[in-house]
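Chain residues, written in single-letter form:
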Amino acid sequence: MTEAAAPSAVPAAAQLGQTRADRFARWRRGEAARGLTLVSPALIYALLLLAAPMGMIVALSFATQTYLTIDWSPSLANYHEAWIDPQESEMYRALMGRSLAISGAVTAITVLLAFPIAYFVSFHVAPRRKALWIFLITIPFWTSYLLRVFLWKVILQENGVVNSILMGAGVIDTPLDMLFSPDAIIITLAHAWAPFAILPIYVALEKIDRSLLEAARDLGENRIVTFWRVTLPLALPGVVAAALIVFIPTIGDYVTPALIGGGRVPMIANMIQAQFMVLNNRPMGAALAISAMVVVAVIAILFLLLNRRFLKVRQ
Amino acid sequence: MTEPLIVLDRVEKHYGAVQALAGVSAEIGAGEFFSLLGPSGCGKTTLLRAIAGFEELTGGRLTIDGRDMAHVPPNKRPTNMVFQSYAIFPHLDVGQNVGFGLRKKGLDKAEMTRAVGDALTMVGLGGYEKRASHALSGGQRQRVALARALVMKPKVLLLDEPLSALDKKLREQMQVELIRLQRQVGITFILVTHDQEEALVMSDRIAVMFDGQIAQLADPEILYRAPVNRRVASFIGMMNFLPTQVTVLPDGTAEVDVAGLGRATIPATQCAGGARAGKGAVGIRPETLTIGREGAGRVAEGTVEEVVYYGDMTYYDVLLDGAAAPVTISMRNVFGRDVLCRGARTPVRWAPEAMVLFHD
Amino acid sequence: MRRPGTLAIYAAFYLVFLYAPVILLPLFAFNDGTIIAFPLSGFTTHWFAELAQTDALIDSVVTSLIIAVVAAVLATLLGLLAARAAARTMFPLKPGIMGLIMLPLILPEIIIAVALLVVLSQLGIALASWTVILGHVLLCTPFAIAILNSAFLALDQSLEEAAQDLGTTKLETFWRVTLPLVMPGIVSSLLISFTISLDEFIIAFFLSGNEPTLPVYLWSQLRFPARIPVVMALGTLLLIASLVLLTTAEYFRRRGAARTGQDDHGGFM
Ligand SMILES: Nc1ncnc2c1ncn2[C@@H]1O[C@H](COP(=O)(O)OP(=O)(O)OP(=O)(O)O)[C@@H](O)[C@H]1O
Ligand SMILES: [Mg+2]
């Protein structure tokens, strides 16, 4: 038996070696290698300047700082302070709650206001003029974000545009105090993110095959039922995308609460900034940043899952 | 055919679990008009792209002009391709498109201009050099693609369904033109098509492919008259299949007994894969059956069950007396011949020599 | 939804809402008064003159322009390669790798800013313009990839094969066929990246050290009421500049589309 096996063992091993070398050669020539080579500069950049720093932030969030020295030994002190500690956490939780409430309101308002516009451009504007409308909608957003937010302050302040008009028209005789409130922040953010809500919904509406709507009408549905049963479900992916695109970044907005809230209505980003640059408690800032990210991620995932279930039921 | 120009030796290609080419062997001669014919997904495009160098083989060997083509990239092969989408460069005008590959050939400017002009004239687009490539009709795009490939003076021109995007009229016109061009330049053309009529009209030889393999490789007449199996037979043209009991005679001919027609002897050359005793089916093309009494062959009787009038042709479904299912018969509507009505009784002429015996 | 009339009226109101703040820019830029409030007090071009004399502002504009140009070029280069890989090849771990690279698209900017700040200060690297560039490239690359990916997907693959079939090598094919055909994508990638970088505040705020970018400089000025009219004048100029830029880009896009005979629909994004 050993005699019989011996001669075949050599070629088998040689064959194995050959196929391995062969496979490697093919791989080098192949598209996987080409793809990895092409993507590697961007990947290495993201690893060095995104993944590594994020890892560092996570590590930092478990560290502690006294004056200017950071103690890297891991502890849960920061998270305890931010979430559990009966006295300290109250402020942080309130801050997080307010940030979420403001972002949620901004998202709802922006998407609700954007949908009719996207619908109007997609269904009522002549195809030739659609590009012009999209152009018109996006133009105001090519000015500095900072200035746009500041201009809302000009509009809402005590001697601002709204009060001037209302008092000039005799509607009121003492100026309304609108600035430095969550509502003012919500209006400003709803304006700032408007095109980011309009565009995804518009794209989703544009994709709807018009003959589907005609088919629904043909099957005897009236316009409102057709809209409810055909247009809206088909546009839903766009609405979901719009909601996420608005919700996620507004949570982390720094400029609007600082300018429009005037420091009296801070959101989580203002606190993070303060921990890093004013209070000199970087580990706490890192813990808040990580907390905010986790909360946002959980909400976004829940939102997506809910929608998937909803969509499935619909179909 | 002397030394073959292209030799395919058990060529294989698989994408993961999908076997697109499962051992294709063929020899294609210089100056031949060769067609790859088969249903969608049978591997025609894959084979053509393998010859052009866009697909690396996973098994077997491909040689062109005696040279092994493994690891030879497309830009180093003596082949040029006319793409199904034509792939006309949208940012270049017609002349620049046609001259695209000449830049590599080290011609001077005057020679290049002349070569481009000649190629365009050859495809009937003389003087179109400065035309923008998007301002071309489908047929013109096709001609530009042809000129662009031919100007390279390849040994082999590869065409992937070049006519499928054209309407019927233009397609027929281009078929004739392609044949003329091929004779004029005298190089090998390999044409991919799923249109059997196109393949029959244009080719010197046709390879019929199913499931990544060549089922039959023959010239059009043999392919039509003596298909090797029922699948090939029904892919090319129309054919009636009548079940029969087969007895093999000592001289290799087969004796069949077909319900409705009776006993007949089929020559050995008409038995696909050789005659075997037992169950079989005889194949009869609709045009080899005749309604009426005049002409050669034997006569059977039957009743017309369906009449489909095509203008130049009429197709009848006739239930022969004693048969279980009707046969289809096509008749040319020559002057003076009446079209029969449904339910009419009619004699049907047939000839054993026009039958093919299948065992699959 | 019954009559288009109702929707059109809504659309008109919506446009007023969208344009309300922007309209104020030129209004106060030419207003002869230091207080940004109504009623307006008179016409002046004084603020524009003062603009030209504010050295710190001009410095910040130059800094911002340099950062934006470098960031746009780098992001577009990284994006060009990565989009090519994403659109044309399969490779192991593709969803994970692309996910990581595209992550800044949904990450709040303050997180990126904070993370980079921590790393830089741990490494003892002094903050400067180039540290802002690091952050902006990270932020702009996903946009570049998104734009260029669709440019590559829109490019018929058989065009590149045809070029190779006609004897050109892969590199020549890229120069003679691929590059000219994805050029509109490259231009809009440069443009979008440039704009994003020019307008970005938070990352610059954290990472610019003592070389403030324009937004960081503006931020510092917004606290001084007396400086506001000058800021308005600057905003007006910026608005005009971006309008000119956008219109030019659109003009070239249309011309490109007409030249290659594509259907002309869609707009900037
Ligand atoms: N890149 C690929 N990856 C995976 N499978 C492929 C690929 N290209 C082709 N195939 C598969 O290989 C088989 C043969 O494809 P091929 O394109 O050669 O068919 P074809 O005969 O040209 O068909 P058609 O007439 O539809 O063009 C098909 O089953 C196809 O799905
Ligand atoms: Mg094909």
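Chains are numbered independently. Their residues run from 1 in the order of the written sequence. For naming, the first written chain is A and the first written ligand is 1, with later ones following in the order written. Residues qualify for local features only when their pLDDT is at least 70, as the model is predicted, and side-chain atom pairs are given and counted only at 80 or more; totals for whole chains, interfaces and linings, by contrast, use all residues. Neither water nor hydrogens contribute to the side-chain values; these are computed over all heavy atoms in the structure.

Caption draft 1: Main features of the site of ligand 1. Residues and elements named next belong to chain B. One heavy atom within 4 Å of a molecule or strand makes the whole residue count as near it. Neighbouring residues of ligand 1: Tyr15, Val18, Ala20, Pro39, Ser40, Gly41, Cys42, Gly43, Lys44, Thr45, Thr46 and Glu161. As used in this structure description, the phrase polar contact means that two N or O atoms lie within 3.5 Å; if the pair is within protein, one of them must be able to donate a hydrogen and the other to accept it, and residues adjacent in sequence are counted only when both atoms belong to side chains. A distance of 3.4 Å is found between a nitrogen atom of ligand 1 and a side-chain nitrogen or oxygen belonging to Tyr15. One of the side-chain nitrogen or oxygen atoms of Ser40 is found 2.5 Å away from an oxygen atom of ligand 1. Working definition of accessibility: Shrake-Rupley area with a 1.4 Å probe, residue cover restricted to the visible protein chains. With the chains in place, 60% of the 640 Å² that ligand 1 exposes on its own is no longer accessible. Those elements that place two or more of their residues in the shell around ligand 1 are strand E2 (18-28) and helix H1 (44-52). To qualify as a helix, a DSSP run of H or I must reach at least 4 residues; to qualify as a strand, a run of E must reach at least 2; elements of each kind are numbered from the N terminus. Of all the elements, H1 adds the most residues to the shell around ligand 1, at three residues. Residues were grouped as follows: Ala, Val, Leu, Ile, Met, Phe, Trp, Tyr, Cys and Pro as nonpolar; Asp, Glu, Lys and Arg as charged; and all remaining residues, including Gly, as polar. Of the residues assigned to the shell around ligand 1, the class counts are five nonpolar, five polar and two charged.

Caption draft 2: Highlighting helix H5 (residues 127-138) of chain A. For a helix, the expected span equals 1.5 Å multiplied by the number of residues minus one. With twelve residues, H5 of chain A should cover 16 Å at 1.5 Å per step; its first-to-last C-alpha distance of 18 Å lies within 8% of that length. Burial classes: relative accessible area under 20% of the type maximum marks a residue as buried, over 50% as exposed, and values in between as partly exposed (1.4 Å probe, protein chains only). Lys130, Ala131, Trp133, Ile134, Phe135, Ile137 and Thr138 of chain A are the residues of H5 of chain A that are buried.

Caption draft 3: Broad picture of the domain arrangement of chain B. Residues and elements named next belong to chain B. Here the limits of each domain have been adopted from an automatic or database domain assignment. Entries for chain B in the domain assignment read domain 1 (4-230) and domain 2 (238-358). Distance between the C-alpha centres of domain 1 and domain 2: 39 Å. Contacts between domain 1 and domain 2 engage seven residues on the former and nine residues on the latter. Two parts placed together each lose some accessible area under a 1.4 Å probe, and the buried area is that loss summed for both. Here domain 1 meets domain 2 over a buried area of about 710 Å², counting both sides, of which 54% is carbon and sulfur. When the buried area of domain 1 at its contact with domain 2 is split by residue, Tyr224, Pro227 and Arg230 rank highest and sum to 71% of it. Salt-bridge detection follows one rule: a side-chain nitrogen of Lys or Arg within 4 Å of a carboxyl oxygen of Asp or Glu. Between domain 1 and domain 2 we count zero salt bridges in total. Connecting domain 1 to domain 2 are two residue pairs in polar contact (both at pLDDT 80 or more). Ranked by residues supplied to the side of domain 1 that touches domain 2, first place goes to helix H7 (residues 220-225) with three residues. Each residue belonging to the side of domain 1 that touches domain 2 can be placed in one class, and the counts come to four nonpolar, one polar and two charged. Here, two residues are considered to be in contact whenever any of their heavy atoms come within 4.5 Å of each other.

Caption draft 4: Molecular detail of empty space enclosed by the protein. Here a cavity means grid points, on a 1 Å grid over the protein atoms only, where a 1.4 Å probe fits yet cannot get out; a pocket means an open set of points with protein on both sides within 12 Å along at least five of seven lines; lining residues are those with an atom within 4 Å of a point. Grid points are joined across faces, edges and corners, and a volume is the space filled by probe spheres set on the points. Scanning the model with the defined rule gives four cavities of 30 Å³ or more in all. Counted as a void, the largest cavity has a volume near 50 Å³. Lining the largest cavity we find Ala42, Tyr45 and Ala46 of chain A together with Leu78, Ile101, Pro104, Leu138, Thr141 and Pro142 of chain C. Elements with a minimum of two residues in the lining of the largest cavity: helix H2 (31-61) of chain A together with helix H6 (129-154) of chain C. Looking at the lining of the largest cavity residue by residue, the class counts come to eight nonpolar, one polar and no charged. Estimates place the volume of the second largest cavity at around 40 Å³. Along the walls of the second largest cavity sit Ala82, Trp83, Tyr92, Arg93, Met96, Ile268, Leu288 and Ser291 of chain A, which together make up its complete lining. Among the elements of the structure, helix H3 (77-84), helix H4 (88-123) and helix H14 (282-314) of chain A are those that each provide at least two residues to the lining of the second largest cavity. Examining the composition of the lining of the second largest cavity, we find that three residues originate from one element, H4 of chain A, more than from any other. Considering only residue class, the lining of the second largest cavity consists of six nonpolar, one polar and one charged.

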